[in-house]
Protein chains: 2
Amino acid sequence: MLDSQESGHCIKVLRHRAGDTIHVIDGCGNLYECRIVTADAAATRFDILNVVEGYGSHPYNLTMAVAPPKNIDRFEWFCEKATEIGVDTIVPLVGDYSERRVFKGDRCERILVSATKQSHKGAIPALEPLMPVRDFLARNFGSGVNKYICYCSDVEGAQKIHITQALSEAAGREFVIMIGPEGDFSREEMALAASRGWQIISLGDSRLRIETAALTAAAAVYLNCL
Amino acid sequence: MLDSQESGHCIKVLRHRAGDTIHVIDGCGNLYECRIVTADAAATRFDILNVVEGYGSHPYNLTMAVAPPKNIDRFEWFCEKATEIGVDTIVPLVGDYSERRVFKGDRCERILVSATKQSHKGAIPALEPLMPVRDFLARNFGSGVNKYICYCSDVEGAQKIHITQALSEAAGREFVIMIGPEGDFSREEMALAASRGWQIISLGDSRLRIETAALTAAAAVYLNCL
């Protein structure tokens, strides 16, 4: 059964009727081919004819942990475009140098749902609550996960490599990539990252805004994992 | 001498005075370190202390020929982000299936200038007038230029390869990439492209909006040419 919002859209906007075939996603990766039984604008009921698992899925698992910029529109753009390309989890971060220190996910959640539908995917990316960089750096991801942190400068004693090199050397296809705020990560955050086994990566020589850097990194993973 | 708009910004907004050092770009790739002689809000004069050629430049030449979507904000977003990453020329296209059949470049021009300054580059990308796809396909680019056209379907008798494969096989570092409108290029346009030596490329399995496809392609070139 469709919830009231989706039912309203289905019956009043799209003007479907009983007997029509519709395609429904569950947000977890599956697409259902369905036939409407009851065309109720508050509670549409349907029979499931067919299930496609992993509809529009991608052959990697990507978590993008990004410090939202002061202008939240830019973060919403990133959420939409990352969904089109293929992302699994988005974690908004607050770092030492973050200008934006609060984050409300309601609008981003709606954008993630509509971008998922528009780009013909079955799984809606998960949006986590705002998390301090230090806490995220300390999270346990499991041994098979490739953990990358983007940094514009260098960290003494730690190696920095270009993202394409990192991806070509990566083991498996699970990736977590961190993008810092306008002022980048702090030296203390980077020292913690290096000590916790995060690979420091470069996105090349261009000076990219937060959302551009984040999308470039996501595109790099997408283009690498054919 | 700065023009009246830049002079006004320099003296009234940034509040520079005679003797201050400023950095000026000429939009053609050069950055000038200057000292203000006359702090006139209509016509600021300065002495050039130092020139940096190819400031913030990138080691490739990229022309993105993109059919602007109906929503022009999305094309402006692409112009801004492509400038941050590194692009040389942007050509808006009108194709058989284009919804948008007129294009005014004023706002995009302003966005290209501000994105160039913001991302610390010396060269402003050139924005050409709207051009029909057929005319662009017939343009003569010279033998060393890699010409790619993105297409969601296949063209009988013509090979389609993934963009990363195309880039790895590319001769030289000059690229022209075409991105079609919402309905993609038509079969007639694709037949013409194949006959004119354009390599048909794929951007992978995701279903991307015009501006997302265009930025993914630009990012692919940027990431490939370290």
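Please read these numbers as outputs of a predicted model, since none were measured by experiment. Within any chain, residue numbers begin from 1 and follow the written order of that chain's sequence. Going through the entries in the order they are written, you letter the chains from A and number the ligands from 1. With pLDDT at 70 or above as the cut-off, local features in this predicted model cover only qualifying residues; side-chain atom pairs require 80 or more to be listed or tallied, and sums for whole chains, interfaces and linings still use all residues. As a rule here, side-chain values come from all non-hydrogen atoms in the structure, and water together with hydrogens is ignored.

Moving on to helix 1 (residues 4-13) of chain A. All names here are of chain A. Think of it in three bands: residues with accessible area under 20% of the maximum for their type are buried, residues over 50% are exposed, and the middle band is partly exposed, with areas taken using a 1.4 Å probe on protein chains only. Per the convention used, a helix needs a DSSP run of H or I reaching at least four residues, while a strand needs a run of E reaching at least two, with both numbered from the N terminus. Those residues of helix 1 that sit buried are Ser-7, Gly-8, Cys-10 and Ile-11. Contacts from the buried residues of helix 1 go to strand 1 (21-25) and strand 2 (31-38). What qualifies as a polar contact is a pair of N or O atoms within 3.5 Å, subject to a donor-acceptor requirement within protein and to the restriction that residues adjacent in sequence count only when both atoms come from side chains. Residue Asp-3 occupies the N-cap position of helix 1, its side-chain oxygen lying 3.1 Å from the main-chain nitrogen of Gln-5. Phi turns positive one or two residues past the end of helix 1, at Arg-15, with a value near 60°. In this analysis, two residues are considered to be in contact whenever any of their non-hydrogen atoms come within 4.5 Å of each other.

Looking now at the interface of chain B and chain A. Contacts between the two partners involve 29 residues from chain B and, on the opposite side, 29 residues from chain A. Buried area is calculated as the accessible area (1.4 Å probe) missing from two parts once they are joined, with the contributions of both summed. Carbon and sulfur atoms supply 58% of the area buried between chain B and chain A, which totals about 2600 Å² over both sides. Among the residues of chain B in contact with chain A, Arg-207, Tyr-222 and Leu-223 of chain B are the three that bury the most area, contributing 23% of the side total. The rule for a salt bridge is simple: a side-chain nitrogen of Lys or Arg has to be within 4 Å of a carboxyl oxygen of Asp or Glu. Scanning the region where chain B abuts chain A turns up 8 salt bridges. In this structure, Lys-81 of chain B and Glu-211 of chain A form a salt bridge, with 2.8 Å as the shortest nitrogen-oxygen distance. The interface formed by chain B and chain A holds 24 residue pairs in polar contact (both at pLDDT 80 or more) in total. Elements with a minimum of two residues in the side of chain B that touches chain A: helix 2 (72-85), helix 5 (163-169) and helix 7 (210-224) of chain B. Ranked by the residues each element gives to the side of chain B that touches chain A, the list is headed by helix 7 of chain B, at 8 residues.

What follows covers the pattern of salt bridges. A side chain of one charge can pair with a side chain of the opposite charge if their charged atoms are brought near each other. Considering all chains together, one arrives at 26 salt bridges over all chains under this definition. Across the salt bridge formed by Glu-76 of chain A and Arg-107 of chain A, the nearest N and O atoms sit 2.9 Å from each other. Highlighted residues: Glu-76 of chain A in helix 2 (residues 72-85) and Arg-107 of chain A in helix 3 (residues 106-118), separated in sequence by 31 residues. Residue Arg-209 of chain B is joined to Glu-84 of chain A by a salt bridge in which the shortest nitrogen-to-oxygen separation is 3.8 Å. Highlighted residues: Arg-209 of chain B in the loop between strand 11 (199-202) and helix 7 and Glu-84 of chain A in helix 2, drawn from two different chains. Assessed through its relative accessible area of 0%, Glu-84 of chain A is described here as buried. The structure contains a network of salt bridges with shared partners spanning Arg-74, Arg-209 and Glu-211 of chain A together with Glu-80, Lys-81 and Glu-84 of chain B.

This part covers the relation of the copies chain B and chain A. What sets the superposition is a least-squares fit of C-alpha atoms, and only residues with pLDDT of at least 70 in both copies go into it. When chain B is fitted to chain A, the residual RMSD is 0.0 Å, and the transformation amounts to a turn of 180° plus an axial shift of 0.0 Å. On this basis, the relationship between the two copies can be described by a two-fold rotation axis. Here 100% of the interface residues in chain B have copies in chain A that are interface residues too; the copies meet face to matching face.

Moving on: the domain arrangement of chain A. In many reports, interface size means the accessible area that the parts give up when they come together. Residues and elements named next belong to chain A. Split into domains, chain A comes out as domain 1 (4-52) and domain 2 (61-225). Counting the surface lost from both domain 1 and domain 2, the interface buries some 430 Å², and carbon and sulfur atoms represent 56% of this. On the domain 1 side of the contact with domain 2, Glu-6, Ile-25 and Gly-27 bury the most area, a combined 79% of that side's loss. Between the two partners, domain 1 and domain 2, sit 1 salt bridge. Here Lys-117 ties to Glu-6 by a salt bridge, and the two come within 3.0 Å at their closest N and O atoms. Summed over the shared surface of domain 1 and domain 2, the result is 5 residue pairs in polar contact (both at pLDDT 80 or more). Class assignment of the residues belonging to the side of domain 1 that touches domain 2 gives a composition of 2 nonpolar, 3 polar and 2 charged. Note that domain bounds follow an automatic or database assignment of domains. Asp, Glu, Lys and Arg are counted as charged, while Ala, Val, Leu, Ile, Met, Phe, Trp, Tyr, Cys and Pro are counted as nonpolar; the rest, among them Gly, fall into the polar class.

Residues and elements named next belong to chain B. A sheet is described by the order of its strands in space; here 3 strands give the open sequence 1-2-3, paired in antiparallel fashion. In the strand order of this sheet, the two ends are held by strand 1 (21-25) and strand 3 (45-52), each with one partner. On average, each strand axis in the sheet is tilted by 35° relative to the strand beside it, whichever way the strands run. Two strands are said to pair when DSSP picks up at least two bridges between them. Summarising the sheet, strand 2 (residues 31-38) and strand 3 pair through 7 bridges and their orientation is antiparallel. Paired with Tyr-32 across the strands is Val-51, a residue of strand 3. Lines fitted to C-alpha atoms define the axes, with helix axes restricted to the stretch in contact, and inter-axis angles between N-to-C directions lie between 0 and 180 degrees.

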